[in-house]
Amino acid sequence: KKWSVVTTCRTTPLLGVMHFTTIDYVIFALLLVASMGIGLYYALSGGRQRTTQEFLLADRSMSCLPVSLSLIATFQSAVAIVGVPAEIYTHGTQYWFIGCAYILGLLIPAHVFIPVFYRLHLTSAYQYLELRFSKPVRICGTLTFIFQTVIYMGVCVYTPALALNAVTGFDLWGAVLATGLVCTLYTTLGGLKAVIWTDVFQTIVMFAGQLAVIVVGVQQTGGLAEVWRKVWEGNRISGIDLNPDPTERYTFWTLGVGGIFLMLSLYGVNQAQVQRYLSSKTEREAIMSCYMVFPSLQVALALSCVMGLVMFMVLYFVMDMLQDLPGLSGLFIACVFSAALSTISSAFNSLATVTLEDLIKPHCSSMTEARATLLSKGLACSYGLMCLAMAYLTHLMSDSVLQAAFKIFGMVGGPLLGIFCLGMFFPWANSTGALAGLGSGLVMAFWVGIGSIVTRTSGGPAAVSHFNCTAVQLSENITTAIGTALNSTAVQPMGLQRFYSLSFMWYSALSSFTVVITGLIVSFLTGRGELLIITIEDAIRSTWAHHTHSSGLCSLVETTSKSNKTFCNKNKY
């Protein structure tokens, strides 16, 4: 039997349309102005973004603190700020156990992926795929990343715009346009340095907004004891669920094990994160930034989960309970937009990087540095405009924002994780196997993902089968939606429909293993061929102290395969 309380009750008719006060608008405007100001500062200072090294990699001069905060901001998008509290309210505190996945999900990138990428002195993570396999594998990996990121950008832009529209009546598409344009401008003007330092500022705004809402929420609902009593009576406190059923939306295994693969696809091989590692002064700084992310992510997760327990519905809670406290509503919306801007700006910059380095430069070897820099800025601007179109597609999706985001990461990020693991852990894998593995991984992921959307059974049985929902006005400042859950027996799906019911937390693991297994089988059948092997062992054993930037990569490659020297010379590494 399933008991739950529904969070999608319609409270708008009783609430009417709320509006920001002047102070709220001032706080929200300050966020946008400050973000633009940081972009302008880095556009007019230092080297003025005249080289691709400065625009795309911040001259490899960043320390671990701003890099770690930027890593947090990139992951802690508006999807998490709005989506996680909604998931906690709807499904209880079981989601909190994803924090267990953060341990291996950050240790493995710190000691496996970062040494490989940093010591090879790459700009794009997908350059590794050409060194290890071949140019077609590199191009396929790049196109896969572009596809994933462009789709995800739509979710990130749409979420805060929907929040602003819901609580103020501000035009939805006007908010989408404002978000996209502001982010595009400061990313195009200031490069990666502007992106990282705006991330630092926006991370502070995010934490401040969440803390303010939690503190005031606890106060106005009667204190911590009253909050605990209500969530306990509402059956929102979950213990460890060791159910091995992979179709259950959240269990310890889906979160603690499936979450590791999700984290690896984000913090291990995602270009937006890899680019931050590569912008660090030293490899040690890059590894330290990964370590510093762990406690911060745990704090961010805790804040989001507590918000879910304190608030009945995040957005209406903020406007209804905080309307007598000028500025707090604006601070929370600024918090949501900060999360969105940090993620979107990272996406623009990383998309410009991989497009230039992986798709354009190999075919335009005579391109001057000035032209390459100008082109990279144009690419960042173009991707910014493209995200506005993707926001409309997000508008058509019916999934929760968190579920939509995790599906995207699992369906596309999983196969990318698989192909990097295939190259780093299995020296006998060849180019043919890598291409076959990537293709099969994508087919598997989209088969399950699209199947779950079509059948509407993703994530296991629905939490509530039947319900009556009424909205009750408790006081001038508190509006609560009360769901009356009825007894229902969940019908387990069978056959292919059960396969489509796989929890979206397993998508990344499923597609990664599909890539590796298929890649190994095809490599075995097609023969090893000429191996262009740059594995983890090679990168870790190399000593960069004895090599300069220009000769280091070729020296490493020559020790593994002389045929790679042609690649190094042609690309001038």
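Residues numbered from 1 in each chain as written. Predicted model: local features only at pLDDT ≥ 70, side-chain atom pairs only at ≥ 80, totals over all residues. Heavy atoms only, no water.

The name an unreviewed UniProt entry assigns to the protein chain is Solute carrier family 5 member 6, from the organism Oncorhynchus tshawytscha. On record in UniProt, under Catalytic activity (unreviewed entry), the comment for the protein chain is "iodide(out) + 2 Na(+)(out) = iodide(in) + 2 Na(+)(in)". In its Sequence similarities (unreviewed entry) section, UniProt records this for the protein chain: "Belongs to the sodium:solute symporter (SSF) (TC 2.A.21) family." (UniProt positions renumbered as here; feature names shortened; annotations may be inferred.)

S.K.: Before we go on, may I ask you to explain the overall build of the protein chain in this structure?
M.R.: Of regular secondary structure, the protein chain possesses 24 helices and two strands. For the protein chain, with 573 residues in total, the buried portion stands at 60%. Within the protein chain, counting contacts between residues at least 6 apart in sequence, those at least 24 apart form 85% of the total. For the protein chain, the computed accessible surface area is about 22100 Å², with 68% contributed by carbon and sulfur atoms. (Helix = DSSP H or I, 4+ residues; strand = E, 2+ residues; numbered from the N terminus. Buried < 20%, exposed > 50% of the residue type's maximum accessible area, 1.4 Å probe, protein only. Contact = heavy atoms within 4.5 Å. Areas by Shrake-Rupley, 256 points an atom, 1.4 Å probe, with all protein chains shown as cover.)

S.K.: Help me understand the environment of I81 in this model?
M.R.: Position of I81 among the secondary structure elements: in helix α5 (residues 78-91). Sequence spacing of I81 and P160 is 79 residues, and the spatial spacing of their C-alpha atoms is 9.5 Å. Every residue in contact with I81, bar those within four places of it in the chain, is listed here: Q76, M206, Q210, M307, F332, C335, V336 and A339.

S.K.: It is not clear to me how helix α2 (residues 22-44) should be interpreted in this structure. Could you clarify?
M.R.: Each full turn of the α-helix corresponds to 3.6 residues, which orients residues three or four apart in the same direction. Taking 1.5 Å as the rise per residue, α2 with 23 residues should run 33 Å; its terminal C-alpha atoms sit 32 Å apart, in good agreement. The set of residues buried in α2 consists of D24, F28, L31, L32, S35, M36, I38, G39, Y42 and A43. Two residues or fewer after α2 comes G46, characterised by a positive phi angle close to 60°. (Expected span 1.5 Å × (residues − 1).)

S.K.: Looking at this model, I keep getting lost on the environment of S452. Mind explaining?
M.R.: In this fold, S452 is placed in helix α19 (residues 431-455). A residue is classified by how much of its surface remains accessible, and S452, at 1% relative accessible area, is buried. Considered as a pair, S452 and Y500 are 48 residues apart in the sequence and their alpha carbons are 4.8 Å apart.

S.K.: Just checking my understanding: could you explain helix α13 (residues 271-278) for this structure?
M.R.: Counting buried positions along α13 gives eight out of eight residues, so the element sits mostly inside the fold. Every buried residue of α13 is listed here: Q271, A272, Q273, V274, Q275, R276, Y277 and L278. One side-chain oxygen of the residue at the start of α13 lies 3.0 Å from the amide nitrogen of A272, identifying that residue as N270. (Polar contact = N/O pair within 3.5 Å; in protein donor to acceptor, adjacent residues only side chain to side chain.)

S.K.: Explain the side chain of N349 here, please?
M.R.: As for its position among the elements, N349 is in helix α16 (residues 328-360). For N349, a relative accessible area of 0% translates into the label buried. For N349, the residues in contact, after removing those within four places along its chain, are F55, L56, T187, G191, L192, V195 and Q275.

S.K.: Help me out: how do you make sense of the nonpolar core in this one?
M.R.: Generally speaking, nonpolar side chains in soluble globular proteins are found buried as a group. In terms of nonpolar packing, the biggest core is built from 136 residues, with F113, F117, Y128, Y267, L297, I419 and F420 touching the most fellow members. Considering every element that reaches this core, the biggest residue donor is helix α9 (residues 172-220), with 15 residues. Leave out the neighbours within four places in its chain, and F420 touches F113, F117, A125, Y126, Y128, L129 and V269. Core analysis: the second largest hydrophobic core is formed by seven residues, A352, L356, L379 and A380 among them. (Core = buried A, V, L, I, M, F, W, Y, C linked by side-chain atoms within 4.5 Å.)

S.K.: Looking at this structure, I do not really get the pattern of salt bridges. What am I missing?
M.R.: Side chains bearing opposite charge may pair, as long as their charged atoms lie close to each other. Applying the stated rule across the entire model yields five salt bridges. Residue E283 pairs with R119 through a salt bridge whose shortest N-O separation is 2.7 Å. Linking E283 in helix α14 (residues 283-310) with R119 in helix α6 (residues 101-119), this pair joins segments that are 164 residues apart in sequence. Given the relative accessible area of 16%, R119 is considered buried. (Salt bridge = Lys/Arg side-chain N within 4 Å of Asp/Glu carboxyl O.)

S.K.: Is there a simple way to think about unusual backbone geometry in this case?
M.R.: Outside of glycine, negative phi angles account for most residues, and trans bonds account for most peptide bonds. Here the phi dihedral of D59 falls at roughly 60°; this positive angle occurs in a residue that is not glycine. Its place among the elements puts D59 in the loop between α3 (52-57) and α4 (64-75). Given a relative accessible area of 37%, D59 falls into the partly exposed group. The backbone of R60 shows a phi angle near 50°, a positive value even though the residue is not glycine. Mapped onto the secondary structure, R60 falls in the loop between α3 and α4. With a relative accessible area of 11%, R60 lands in the buried category.

S.K.: In this structure, what is going on with the side chain of T188? I would like to understand it.
M.R.: By the element assignment, T188 lies in helix α9. At 2.7 Å, the side chain of T188 forms a polar contact with the backbone oxygen of T184. Excluding residues that lie within four positions of it along the chain, T188 makes contacts with F55, K377, A380 and C381.

S.K.: Just checking my understanding: could you explain the packing of aromatic side chains for this structure?
M.R.: When we look at a pair of aromatic rings, we describe it by the centre distance and by the angle of the planes. Inspection of every chain in the model, using the stated rule, returns 16 aromatic pairs. Summarising the aromatic geometry, the rings of Y250 and F504 are spaced 6.1 Å apart at their centres and angled 80° between planes, so their arrangement reads as edge-to-face. Of this pair, Y250 sits in the loop between α10 (224-233) and α11 (252-256) while F504 is found in the loop between α20 (495-500) and α21 (507-526), placing the two residues 254 residues apart along the sequence. The exposure classification of Y250 matches that of F504, with both residues buried. Ring centres of F252 and W253 lie 5.2 Å apart, and the angle between their planes is 80°; this geometry places the pair in the edge-to-face category. By relative accessible area, which is 23% here, F252 ends up partly exposed. Members of the aromatic cluster, joined through ring pairs, are F113, F117, Y126, Y128, F145 and F420. (Phe/Tyr/Trp six-rings, centres within 6.5 Å; stacked < 30°, edge-to-face > 60°.)

S.K.: Sorry if this is basic, but what is going on with the environment of R50 here?
M.R.: With respect to the element layout, R50 can be found in the loop between α2 and α3. Note on R50: relative accessible area 56%, which makes it exposed. Taking the C-alpha atoms as reference points, R50 and R371, separated by 321 residues in sequence, lie 9.5 Å from one another. Setting aside residues up to four positions removed in sequence, R50 forms contacts with E369 and T373.

S.K.: I tried to follow a nonpolar patch on the surface on my own but got confused; where do I start?
M.R.: A surface patch of nonpolar side chains, amounting to about 410 Å² of accessible area, comprises I103, L104, L107, M288 and Y291. Those elements that place two or more of their residues in the nonpolar patch are α6 and α14. Considering every element that reaches the nonpolar patch, the biggest residue donor is α6, with three residues. Summarising the element assignment, L107 is placed in helix α6. (Patch = residues over 30% accessible without salt bridge, like charges linked within 9 Å, V, L, I, M, F, W, Y side chains within 5 Å.)

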